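# Survey of secondary and tertiary structure
For reference, the chains in residue letters:
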Amino acid sequence: MRLQCGRFELALERPLVMGVLNLTPDSFYEASRHQQADAAVARAHELVAEGADLLDIGAESTRPGAQPVTDDEEWRRLAPVLEALRGLPVPLSVDTRRASIMRRALDLGADMINDVSGFADPQAIAAVADRPAALCVMHMAGDPRTMQNDPSYFDVVAEVGAWLGGRVAALAGAGVARERLVLDPGIGFGKRLAHNLALLRALPELADVAGRALAPAARLPVLVGLSRKSLVGELTGRPPDARLAGSLAAAIAAVARGAAIVRVHDVAATRDALAVWSALGPASGLAATSAPAHSETTSA
Ligand code: HH2
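The following refers to the structure shown. (Residues numbered from 1 in each chain as written. Predicted model: local features only at pLDDT ≥ 70, side-chain atom pairs only at ≥ 80, totals over all residues. Heavy atoms only, no water.)

Let's shift gears to the layout of surface pockets. Approximately 490 Å³ is the volume attributed to the second largest pocket. Considering the residues around the second largest pocket, the lining is formed by 33 residues, among which Phe 28, Thr 62, Arg 63, Phe 189 and Lys 229 are closest to the centre. At the level of secondary structure, the elements contributing two or more residues to the lining of the second largest pocket comprise β3 (16-22), α6 (193-201) and α8 (230-236). Of the residues in the lining of the second largest pocket, the class split is 11 nonpolar, 12 polar and 10 charged. (1 Å grid on protein atoms, 1.4 Å probe; cavity = no way out; pocket = protein on both sides within 12 Å on 5 of 7 lines; lining within 4 Å. Points joined across faces, edges and corners; volume = space filled by probe spheres on them. Helix = DSSP H or I, 4+ residues; strand = E, 2+ residues; numbered from the N terminus. Nonpolar A, V, L, I, M, F, W, Y, C, P; charged D, E, K, R; others polar.)

Throughout the structure, instances matching the rule amount to 0 disulfides. Just so you know, Cys 5 is unpaired, no disulfide at all, and the nearest cysteine sulfur is the one on Cys 136, 10 Å from it. Given the relative accessible area of 0%, Cys 5 is considered buried. For Cys 136, a relative accessible area of 0% gives the class buried. (Disulfide = S-S within 2.5 Å. Buried < 20%, exposed > 50% of the residue type's maximum accessible area, 1.4 Å probe, protein only.)

If you check the shell around the ligand, you find 19 residues, and the closest are Ser 27, Ser 61, Asp 184, Lys 229 and His 265. At 2.5 Å, a side-chain N or O of Ser 27 approaches an oxygen atom of the ligand. Within the contact set of the ligand, a nitrogen atom lies 2.6 Å away from a side-chain nitrogen or oxygen of Asp 184. Protein chains shield 98% of the accessible area of the ligand, which is 470 Å² for the free molecule. Within the residue set of the shell around the ligand, elements represented by two or more residues are β3, β7 (134-138) and β9 (223-225). (Near = heavy atom within 4 Å. Polar contact = N/O pair within 3.5 Å; in protein donor to acceptor, adjacent residues only side chain to side chain. Areas by Shrake-Rupley, 256 points an atom, 1.4 Å probe, with all protein chains shown as cover.)

Next up on the list: the packing of helix α1 (residues 37-49) against helix α2 (residues 71-85). Viewed as axis vectors pointing N to C, α1 and α2 meet at an angle of 40°, and their least axial separation amounts to 9 Å. Comparing the axis directions of α1 and α2 gives the class oblique. Relative to α2, α1 is oriented so that their crossing is right-handed. Facing α1, whose interface residues are Ala 37, Ala 40, Val 41, Ala 44 and His 45, α2 presents Pro 80, Val 81, Ala 84 and Leu 85. Tallied by class, the residues present in the contact of α1 with α2 amount to 8 nonpolar, 1 polar and no charged. (Axes fitted to C-alpha atoms, helices over the stretch in contact; angles between N-to-C directions. Parallel < 35°, antiparallel > 145°, perpendicular 65-115°, else oblique. Left-handed = near helix turned anticlockwise from the far one by under 90°. Contact = heavy atoms within 4.5 Å.)

See below:
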């Protein structure tokens with residue numbers, strides 16, 4: 001599988017690590033927030049030095065309950081950083097839901113548009129259709145202000161897969177080549193823990209369901225963002241700044257289930273974890289259970 005990504009063509013032969021760069025005052029993981037352009041640019045250079053294969057630059061938090069920002073404010077945050085990073089040797093992805101920002105970002109040299117609303121806005125499709133950028137099509141139920149209120153699905157894998165398939169069909173109908181598309185189940189975006197886990201367990205099936213929207217059907221690459229999210233918090237009982245170990249395990253689990261790209265805050269640690277895991281190769285290990293590691297032997 002290959003991904004056409006603006007100035008780059010990515011061979012998806014090993015799992016790629018996308019480093020998160022947030023230009024926000026309110027992202028859910030405090031250490032990822034950069035409000036000064038200089039600090040953000042310095043952080044981007046660090047992420048690349050740590051081994052990021054791509055950068056994802058976001059100027060609006062989409063955490064549950066987040067308030068939207070105006071187009072002008074989003075662009076005020078984004079423009080100087082994007083401009084300063086154009087010379088980096090990795091693709092620059094812009095995380096935005098707004099067609100006007102997509103257009104301007106592509107004009108400034110963005111290689112990928114990551115839309116957490118899955119290009120649901122027809123204006124967004126028009127903004128990206130005839131550009132060479134990669135497009136990350138993510139599933140979100142509702143919008144960030146309300147998405148975690150009461151998420152419910154009858155069959156989350158079938159429903160998210162079918163929804164993604166619909167978006168893929170709309171993009172393909174507008175002339176977008178399949179080599180530009182990446183799917184994302186949208187971990188934490190209008191999903192409970194059980195929904196997130198079901199989606200992660202079924203990544204290949206999800207890609208198949210969505211890929212059937214193309215003629216001929218194709219399995220599209222999948223990107224997953226789990227880093228420091230509440231799924232890790234719910235499983236470990238830890239706050240975002242103490243979720244590194246859980247996030248590394250989650251990244252490996254996602255890659256083991258076929259994710260082509262993982263979107264993370266901790267690039268160096270994720271690269272190390274994936275390097276060790278890849279060297280060992282997939283294996284059938286013991287299934288994780290909640291049983292205690294030691295059982296007491298009772299003497300008669
Ligand atoms: N998660 C976040 C933001 N953008 N994009 C994709 N494709 N997939 C994701 O899982 C995803 C995403 C949330 O993470 P972060 O950007 O760190 O938080 P915030 O939205 O609070 O800035």
